[in-house]
Amino acid sequence: MNLPNKLTIFRVFLILPFVLLLLGESGGWGWYRALFGGIPEYVDYIALAIFIIASLTDLIDGKIARKYGLVTNFGKFMDPLADKLLVSAAMIALVELGRIPAWIVIVIISREFIISGFRLVAADKGIVIAASYWGKFKTTFQMVMVCLMIADLEELRLVTDIVMWAALILTVVSLADYLMKNREVMRETK
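Residues numbered from 1 in each chain as written. Predicted model: local features only at pLDDT ≥ 70, side-chain atom pairs only at ≥ 80, totals over all residues. Heavy atoms only, no water.

Novice: Would you take a moment to explain the nonpolar core for this structure?
Specialist: A general tendency of soluble globular proteins is for nonpolar side chains to be buried together. Residues Phe-18, Phe-51, Met-91, Ile-100, Met-145, Val-146 and Ile-150 are the most contacted members of the largest nonpolar core, which totals 37 residues. The residues touching Ile-150, leaving out its near neighbours within four places in the chain, are Phe-18, Leu-22, Asp-44, Leu-48, Phe-51, Leu-94 and Arg-99. Ranked by size, the runner-up nonpolar core spans seven residues in total, among them Ile-115, Phe-118, Ile-129 and Val-185. (Core = buried A, V, L, I, M, F, W, Y, C linked by side-chain atoms within 4.5 Å. Buried < 20%, exposed > 50% of the residue type's maximum accessible area, 1.4 Å probe, protein only. Contact = heavy atoms within 4.5 Å.)

As structure tokens, then:
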């Protein structure tokens, strides 16, 4: 288990405390409220800090793996899965908090399932589908969107909405790009 893989696993382990903090009362904070009379207002900012740390581990583990030749099959599998788990968990929690429409989250998560299935079919045929720039832009916009929605600042409401729509558009564009560039994967072979 090398350092990039440990960072990926660390990212997965950050998801639970992140979601529990973000969801506040419905995330299991009833005990805190019973003892201290209320949930601290700054708890969203702790959740935001955890999300940012988890997101940065994605950037760091990839750079370390490529720079030092530490790319592993485990990392190739687990790194994108960890990203999907983190962002999906965040968006589902944000739906519960009323900060993002459920249909947008459904579109984004559906794209992830489609691409994952597509990659499985490709792998079965011995084809490796690398991440595209559209996919990287999509992930970046999704992570920025989640950060803005966690912060939930009225002054940034317009920016948050613009980033949300950009993330949604990039989600659809990146899906179309993957499917068009790799359409031979879906052709039946005898």
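Novice: Even after reading the chapter, I still don't get unusual backbone geometry, so can you show me in this structure?
Specialist: Working note: non-glycine residues mostly have negative phi, and peptide bonds are mostly trans. Within the chain, Asp-152 stands out as a residue other than glycine whose phi angle is a positive 50°. Within the secondary structure layout, Asp-152 lies in the loop between helix 6 (133-151) and helix 7 (157-181). Overall, the relative accessible area of 32% leaves Asp-152 in the partly exposed class. (Helix = DSSP H or I, 4+ residues; strand = E, 2+ residues; numbered from the N terminus.)

Novice: Before we go on, may I ask you to explain the pattern of salt bridges in this structure?
Specialist: Side chains carrying opposite charge are able to pair once their charged atoms draw close together. Within this structure, the stated rule accounts for 12 salt bridges. The partner of Asp-58 in a salt bridge is Arg-11, and the shortest N-O contact between them spans 3.7 Å. Here Asp-58, found in helix 3 (residues 43-67), pairs with Arg-11, found in helix 1 (residues 3-23); they are 47 residues apart in sequence, far enough to count as distant. You'll find Asp-58 and Arg-11 in the same group, each marked buried. Linking Asp-152 and Arg-157 is a salt bridge whose minimum nitrogen-to-oxygen distance equals 3.1 Å. (Salt bridge = Lys/Arg side-chain N within 4 Å of Asp/Glu carboxyl O.)

Novice: Honestly, the environment of Asp-83 in this entry has me stumped. Any pointers?
Specialist: Looking at the element boundaries, Asp-83 is found in helix 4 (residues 73-96). Dropping the residues within four chain positions of it, Asp-83 is found in contact with Arg-11, Asp-58 and Met-143.

Novice: I keep staring at helix 7 and nothing clicks. Help me out?
Specialist: Each α-helix turn comprises 3.6 residues. Residues three or four places apart therefore point the same way. Its 25 residues give helix 7 an end-to-end C-alpha distance of 36 Å, which sits within 8% of 36 Å, the value for a rise of 1.5 Å per residue. Inspection of helix 7 places Thr-160, Val-163, Met-164, Ala-166, Ala-167, Leu-168, Leu-170, Thr-171, Ser-174, Leu-175, Asp-177 and Tyr-178 among the buried residues, and these make up the whole buried set. Next to the buried residues of helix 7 lie helix 5 (102-124) and helix 6. (Expected span 1.5 Å × (residues − 1).)

Don't take any of this as a statement about function, it's just geometry.
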